[in-house]
Amino acid sequence: MAEKTRYSDEELQEFREIILAKLEKAKRDYELLRNTITLEDGNDTQDTSPTFKVLEEGAAVLSKEEAGKLAQRQQKFIQHLQAALVRIENKTYGICRETGKLIAKERLRAVPHATLSIEAKKAQK
């Protein structure tokens, strides 16, 4: 029997559902981080006494910086998931960009936006 060169439409649909669920959660998480940065959630030191405000300003700045970094990472993750959906549409999803072979289903279920097989990923190191 010839080696399989792409996943079937049914298999691609399974991966689409996994990706859509992760994408929905990622977008919610991104919005939470964005609200933290822009203080839209209202949890700030604005309504506390000046003494506490001075003590907490440093922590607030650090917290905003960390939230900003996390938001950037989350946005990048969302872009990778969206690119995976495009690969599903053009039926190239799950094909390693280095070896041209299928990426293991187990890997794609764990990292649905993967573009490299385990072997190709290890070879990069």
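Just so it is clear, the structure is predicted and the values come from calculations on it, not from any experiment.

So, how was this worked out
Residues numbered from 1 in each chain as written. Predicted model: local features only at pLDDT ≥ 70, side-chain atom pairs only at ≥ 80, totals over all residues. Heavy atoms only, no water. Phe/Tyr/Trp six-rings, centres within 6.5 Å; stacked < 30°, edge-to-face > 60°. Buried < 20%, exposed > 50% of the residue type's maximum accessible area, 1.4 Å probe, protein only. UniProt positions renumbered as here; feature names shortened; annotations may be inferred. Helix = DSSP H or I, 4+ residues; strand = E, 2+ residues; numbered from the N terminus. Contact = heavy atoms within 4.5 Å.

Draft legend 1. Summary view of the packing of aromatic side chains. Scanning the entire structure with this criterion turns up two aromatic pairs. On the numbers, 5.4 Å between centres and 65° between planes, the contact of Tyr-7 with Phe-15 is edge-to-face. Assigned by exposure class, Tyr-7 and Phe-15 land together as buried. Chaining the aromatic ring pairs together yields one cluster made of Tyr-7, Phe-15 and Tyr-93.

Draft legend 2. Summary view of the UniProt feature "zinc finger region: dksA C4-type" (unreviewed entry) in the protein. Here the UniProt feature "zinc finger region: dksA C4-type" (unreviewed entry) sits at residues 96-120. A helix fraction of 36% and a strand fraction of 0% characterise residues 96-120, whose end C-alpha atoms lie 8 Å from each other.

Draft legend 3. Molecular detail of the side chain of Ser-117. Along the chain, Ser-117 turns up in the loop between α3 (105-110) and α4 (118-124). By relative accessible area, which is 5% here, Ser-117 ends up buried. What Ser-117 contacts, discounting residues up to four positions off in sequence, is Cys-96, Thr-99, Ile-103 and Arg-107.

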